[in-house]
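Residues per chain are reported as follows:
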Amino acid sequence: MAVPDRIVAVEQAYDDLLRRSLSKIEGDLARLIYLASTRDYNTGKYHHDGLAARFQEEIAGQALELAHREIFGRIAACSLEELVDQVEIYVSSSRQSREEVLQVWQKLEPYRVALPVDVNMAVAQLFVSNIKLALAILRHRYQREELAASRS
Amino acid sequence: MIELSSVIIGIVLLLLGLAIKGWLAARHLQETASATSEAYAAPPCPESFVSRVFSRGDWEFVRGLRADGIERLFRRERKKVALVWVRQTSLMIRKAMREHAEAARQSENLEFTTEINILAQFLILMVVCGILSVAIEAAGPLFLGGLARFAQRLSQRVAKVQESFQAATLAKTAGRIA
């Protein structure tokens, strides 16, 4: 495939991914975790059955990588307050209790695998630090809510 | 007169010390070869990064929570991020200077004023990295936004000058071979 055709195909696959999959996921953090989960831990390559069926495997992989980088860039650039909101949306949308999710995220730090490959080291450090802080802030907020509820 | 010369010597020594501190700031990243190559290969920091890390916006939000533990965590984490950025910047400047020295060796018509200008910018950046490194370790990054933005702008300028110098040297070499 010629380079301009390939670019057009990746853009089409990217739009398709946004329309069919990502738009149904609430919040950028949840989208980031979803996109990171489509990446193979060993090869670093992205795979999505539906997208690969509609486009070529390689084109689908590139579209997923593009979306991953873009959403990561948005999250890394947002303020701590906005990130706390993002983490809250993610935690609230989980089937597990929010305290359980927070505890596991603080212990296992699964968000570290959400980093795209070849990301700037300082930006990666900021992302990890901010998520750590957002989790601590949410935990503090929930503890205060519980305390207030038990008093009333 | 003696007092004035002592002050001048003191200032020179202080600047030299800070430049060495700035030069050594990259050593933590250089400890492993993979970290160094990662830092070299990675895309540059976006413009907004420095504003985010060194700004007081997030700090005001954290302070509004009135939780000492979170305030301590915030200060610790931001210090860590800021130091990674300073080390990365120092490493990138050193890389640009090394590449410049290599390109300059191959160049036949070096301009003295351009070379002095580049060297001066390099030394200023090393001093600024040294100041940032010491100040962040001592007090955190929150009051250093202006200096960090200056370092970012200057390091970008040095990298651009080096790139165009290298491109010109390569073009001249290719012209001679042809």
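From a predicted model like this one, the values you see are computed outputs, not experimental measurements.

Rules of the game
Residues numbered from 1 in each chain as written. Chains lettered and ligands numbered in written order. Predicted model: local features only at pLDDT ≥ 70, side-chain atom pairs only at ≥ 80, totals over all residues. Contact = placed C-beta atoms within 7 Å. Helix = DSSP H or I, 4+ residues; strand = E, 2+ residues; numbered from the N terminus. Nonpolar A, V, L, I, M, F, W, Y, C, P; charged D, E, K, R; others polar. Core = buried A, V, L, I, M, F, W, Y, C linked by C-beta atoms within 7 Å. Buried ≥ 20, exposed ≤ 12 C-beta atoms within 10 Å, placed from the backbone. Axes fitted to C-alpha atoms, helices over the stretch in contact; angles between N-to-C directions. Parallel < 35°, antiparallel > 145°, perpendicular 65-115°, else oblique. Left-handed = near helix turned anticlockwise from the far one by under 90°.

1. A word on the interface of chain A and chain B
Every contact between the two is made by 18 residues of chain A and, on the other side, 27 residues of chain B. When residues of the side of chain A that touches chain B are traced back to their parent elements, those giving at least two are helix H5 (80-93) and helix H7 (121-151) of chain A. If you tally residues by element for the side of chain A that touches chain B, the top one is H7 of chain A, at eleven residues. Here the residues of the side of chain A that touches chain B are counted per class, giving ten nonpolar, five polar and three charged.

2. Quick notes on the nonpolar core
Residue and element names in this part refer to chain A. Ranked by size, the top nonpolar core spans 73 residues in total, and within it Ala 13, Ala 63, Val 87 and Ala 134 carry the most contacts. In terms of residue count, the dominant contributor to this core is H7 (twelve residues). Excluding residues within four positions of it along the chain, Ala 134 makes contact with Leu 80, Leu 83, Val 84 and Val 87.

3. So, the environment of Leu 14 of chain B
Following the sequence through the fold, Leu 14 of chain B ends up in helix H1 (residues 2-24). Residue classification places Leu 14 of chain B among the exposed residues on the basis of 12 C-beta atoms within 10 Å.

4. Some points on the packing of helix H6 (residues 68-106) of chain B against helix H7 (residues 112-139) of chain B
Residues and elements named next belong to chain B. Interhelical geometry of H6 versus H7 gives an angle of 160° and a closest axis separation of 10 Å. One element, H6, and the other, H7, form an angle in the roughly antiparallel class. Crossing angle aside, the handedness with which H6 passes H7 is left-handed. On H7, the residues touching Lys 79, Ala 82, Leu 83, Val 86, Thr 89, Ser 90, Ile 93, Met 97 and His 100 of H6 are Ile 118, Phe 122, Leu 125, Cys 129, Leu 132, Ser 133 and Ile 136.

5. Points about the environment of Leu 154 of chain B
All names here are of chain B. On the secondary structure map, Leu 154 appears in helix H8 (residues 145-177). Taking the C-alpha atoms as reference, Leu 154 lies 26 Å from Ala 171; in sequence the two are 17 residues apart. Those residues within four positions of Leu 154 in sequence are excluded, and the remaining contacts are Gln 121, Ile 124 and Leu 125.

6. Remarks on the packing of helix H1 (residues 3-20) of chain A against helix H4 (residues 57-77) of chain A
All names here are of chain A. Packing of H1 against H4 leaves a shortest axis separation of 8 Å and a crossing angle of 60°. Of the two elements, H1 crosses H4, and the hand of that crossing is right-handed. Contacts between H1 and H4 involve Ala 9, Val 10, Ala 13, Tyr 14 and Leu 17 from the first element and Ile 59, Ala 60, Gln 62, Ala 63, Leu 64, Leu 66 and Ala 67 from the second. Its residues placed into classes, the contact of H1 with H4 shows eleven nonpolar, one polar and no charged.

Geometric descriptors of this kind do not, in isolation, establish any biological role.
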